[in-house]
Amino acid sequence: MTATSQHGFHPDAESLSAFSEQALNERERMEVLAHLAVCGRCRQVVALAREAADAGEVTAAARLRKTNAPDSWWKQWRLVWVPTAVVAAFAAASISVYIERSDRHGPDTKIAEQNPDAECNAAFGAHANGASKGRASGCRRSRDPALAYGEARALRRTRATARAGAARSCCANAVRVRSPRAQSPSTWSCASAGSHARAATDVSRR
Amino acid sequence: MAPTESAGSADETGIPSGTGAPDCVLDSALADELWLGCDAARWGLTRDEFEQILLDAGTAQNFGLPEATTATRSQEKTFFRGLCVADLALARACARGNERAWEHFLAVYRQPLTRAAIAITGSETLGRDLADQLYAELYGLSVRDGQRRCPLLSYRGRGSLMGWLRTTLAQRHVDHYRRTRREEPIEELDAPAPDPLSQTPARELSLLEQAIEQAVSSRDAEERFLLAAYYLDEQTLLEIGRVLGVHEATVSRRLHRATGQIRKQILKNLQRNGMSRRAAQEAMGADPRDLEVNLKKLLQNSQSEAFQEQAAS
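Residues numbered from 1 in each chain as written. Chains lettered and ligands numbered in written order. Predicted model: local features only at pLDDT ≥ 70, side-chain atom pairs only at ≥ 80, totals over all residues. Heavy atoms only, no water.

### Observations regarding the overall build of chain A
Next up, step 1: On a plain count of helices and strands, chain A comes out with 8 helices and 0 strands.
Next up, step 2: Seen in sequence order, chain A has helices and strands lined up from the N terminus as α-α-α-α-α-α-α-α.
Next up, step 3: Residues classed as buried in chain A amount to 29% of the 206 residues present.
Next up, step 4: A separation of at least 24 residues holds for 44% of the contacts in chain A among residues at least 6 apart in sequence.
Next up, step 5: Surface summary for chain A: the accessible area is close to 13,600 Å², and the carbon and sulfur share equals 61%. (Helix = DSSP H or I, 4+ residues; strand = E, 2+ residues; numbered from the N terminus. Buried < 20%, exposed > 50% of the residue type's maximum accessible area, 1.4 Å probe, protein only. Contact = heavy atoms within 4.5 Å. Areas by Shrake-Rupley, 256 points an atom, 1.4 Å probe, with all protein chains shown as cover.)

Structure below.
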């Protein structure tokens, strides 16, 4: 700790500056503090220097903010609209895929998958009634915007009829499929009768 | 144009010869580290000159230790590492008149120096004048005894160069203001008239004044600084906190504790001087306008020993 001759026995500018910047060791700090306690002039110096430092920091911070600020509104909005456009495009793609799938795997198609014969019959019936070309050819709902309302109703009626026919044919198939099973107990009983006869023959041989 | 660089006297070069302690040698590894870190070669300083600058800075301040103490190697290292070596090298190079150093100084410090001066004076015109005046001195335009004097030579690397510049500006402004202003004894002008209906006896008032003086003067330096800055200078808690490097809430707490302890100490002093506790408490309730205690004078009378010694020497 040195006192400058420039200011009598006051601490020099370096000591006061280092005190303000917490750069002194404890002993030096206490020396300066003891002087500041009794010297209004040095307290004023330290307070003013501190005030100037704070003002400089504020100015520097403001300059830094200005430097980091974007150049135009375009740069500001670029951060917003690019992700928004990406999200919107993804959403649109998702919706179109969903609609496409729902068209392919709609309720009629499910029925058709469950009852392929019925769908074929329905398609055949629709074709026979001449209700819709598209429906007859592709087994799909027509997307023709010119399709008249009456045609659509007729198509629905035809489809209902086709469902009923499909149900009947399914029942018939079921009957056809079930009949061998129905015969199986009798077959089993015949076989069993044969076995009994063979057993009886063996017994008679004995 | 910067002052010409010349191999003049020791004062001109800013490297006083023979001032370092003969037994003080800078550790080679540490010197390498500091030399590489401060970019001193850019300002035209040689390695030997740089070491000499560091040694001078250390010995002039006895490495931050009391004068009678001899620093150990470890203490010397700690001191050197705590220096703002880059700022010190730049300041000495500027003092020598190195052109590149001055260009760098101008680029980095000129504008902040002006802004600091404006902030200190509170006036753009006065601030610019103050900054220009200091800059002219730093540039070495003032000549005494045929030699150019540069205030940068008094910078020794404790704290930043910008902090040193700001404090130097503040010193000059305060000294100029104190010299030129017409000081009026505000205390005497504003001193209230004594209350004629005062009920406190004169003896008790005298004892109270003594007790207050004893209590205030017995506080440590930090508490006296807090009292002076807050009550005399009317600084805010935030301003005091920034000077001390603590939060304003800490300043408030310390201030509250200091006033509380002073109050207790005054009570004790009154009781020690023969008053009963009740009488002492009643005396504490005396009208402050009846007291002739000047806190400013009281604090100034308790002058710190360190600077009293320096003033005497």
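### So, the nonpolar core
Next up, step 1: One finds F80(B), F105(B), L161(B), L165(B) and L270(B) to be the most contacted residues of the largest nonpolar core, which totals 93 residues.
Next up, step 2: Sequence-distant contacts of L161(B), defined by excluding residues within four places in its chain, comprise D87(B), L90(B), A91(B), F105(B), Y109(B), L152(B) and Y155(B). (Core = buried A, V, L, I, M, F, W, Y, C linked by side-chain atoms within 4.5 Å.)

### Side note on the interface of chain B and chain A
Next up, step 1: On the chain A side, the residues contacting the 50 residues of chain B number 50 residues.
Next up, step 2: Taken together, both faces of the contact between chain B and chain A bury some 4,200 Å²; the carbon and sulfur share is 56%.
Next up, step 3: There are 5 salt bridges connecting chain B and chain A.
Next up, step 4: Inspection of the region where chain B meets chain A yields 16 residue pairs in polar contact (both at pLDDT 80 or more).
Next up, step 5: The element best represented in the side of chain B that touches chain A is helix α8 (residues 161-180) of chain B, accounting for 12 residues.
Next up, step 6: Of the residues contributing to the side of chain B that touches chain A, the split by class is 21 nonpolar, 18 polar and 11 charged. (Buried area = accessible area lost by both parts, 1.4 Å probe. Salt bridge = Lys/Arg side-chain N within 4 Å of Asp/Glu carboxyl O. Polar contact = N/O pair within 3.5 Å; in protein donor to acceptor, adjacent residues only side chain to side chain. Nonpolar A, V, L, I, M, F, W, Y, C, P; charged D, E, K, R; others polar.)

### Some points on the pattern of salt bridges
Next up, step 1: In this structure the tally under the stated criterion is 19 salt bridges over all chains.
Next up, step 2: The residue E28(A) makes a salt bridge to R158(B) at a minimum N-O spacing of 2.7 Å. Taken together, the residues E28(A) in helix α2 (residues 26-38) and R158(B) in the loop between β2 (147-148) and α8 connect one chain to another.
Next up, step 3: For R158(B), a relative accessible area of 6% translates into the label buried.
Next up, step 4: Across the pair R41(A) and D175(B) runs a salt bridge, and its minimum N-O distance is 3.0 Å.

### A closer look at the packing of helix α5 (residues 85-96) of chain B against helix α6 (residues 99-121) of chain B
Residue and element names in this part refer to chain B.
Next up, step 1: Between α5 and α6, the shortest axis-to-axis distance is 9 Å and the interhelical angle comes to 120°. Overall, the two elements α5 and α6 adopt an arrangement that is oblique. α5 and α6 meet at a crossing whose hand is left-handed. Across the interface between the two elements, D87, L90, A93 and C94 from α5 touch A101, W102, H104, F105 and Y109 from α6.
Next up, step 2: Of the residues that constitute the contact of α5 with α6, the class distribution is 7 nonpolar, 1 polar and 1 charged. (Axes fitted to C-alpha atoms, helices over the stretch in contact; angles between N-to-C directions. Parallel < 35°, antiparallel > 145°, perpendicular 65-115°, else oblique. Left-handed = near helix turned anticlockwise from the far one by under 90°.)

### As for the confidence of the model for chain B
Residue and element names in this part refer to chain B.
Next up, step 1: Of all residues in chain B, 76% attain a pLDDT of 70 or more, and the chain-wide mean is 78.
Next up, step 2: Across chain B, the element-wise mean pLDDT spans from 41 in helix α1 (residues 10-13) up to 92 in α6.
Next up, step 3: Considering only residues more than four positions removed or in separate chains, one finds that residues 1-22, a stretch of pLDDT under 50, has 39 contacts.
Next up, step 4: Predicted confidence for residues 303-313 stays below pLDDT 50, and this span has 19 contacts to residues more than four positions away or in other chains.
Next up, step 5: Under the prediction, the complex receives an ipTM of 0.74, its pTM being 0.58. (pLDDT = per-residue confidence, 0-100.)

### Focus on the packing of aromatic side chains
Residues and elements named next belong to chain B.
Next up, step 1: Inspection of every chain in the model, using the stated rule, returns 11 aromatic pairs over all chains.
Next up, step 2: Measuring from centroid to centroid gives 6.0 Å for W102 and Y135, while their planes differ by 85°, and the two rings are edge-to-face. Taken together, the residues span a long stretch of sequence, with W102 in helix α6 and Y135 in helix α7 (residues 124-138) at a distance of 33 residues.
Next up, step 3: Residue classification places Y135 among the buried residues on the basis of a relative accessible area of 11%.
Next up, step 4: Within the aromatic cluster, the residues linked to one another by ring pairs are W102, F105, Y109, Y135 and Y139.
Next up, step 5: One residue, R110, lies across the ring of Y135, its end atom 4.1 Å from the ring centre. (Phe/Tyr/Trp six-rings, centres within 6.5 Å; stacked < 30°, edge-to-face > 60°. Lys NZ or Arg CZ within 6 Å of the ring centre and 35° of its normal.)

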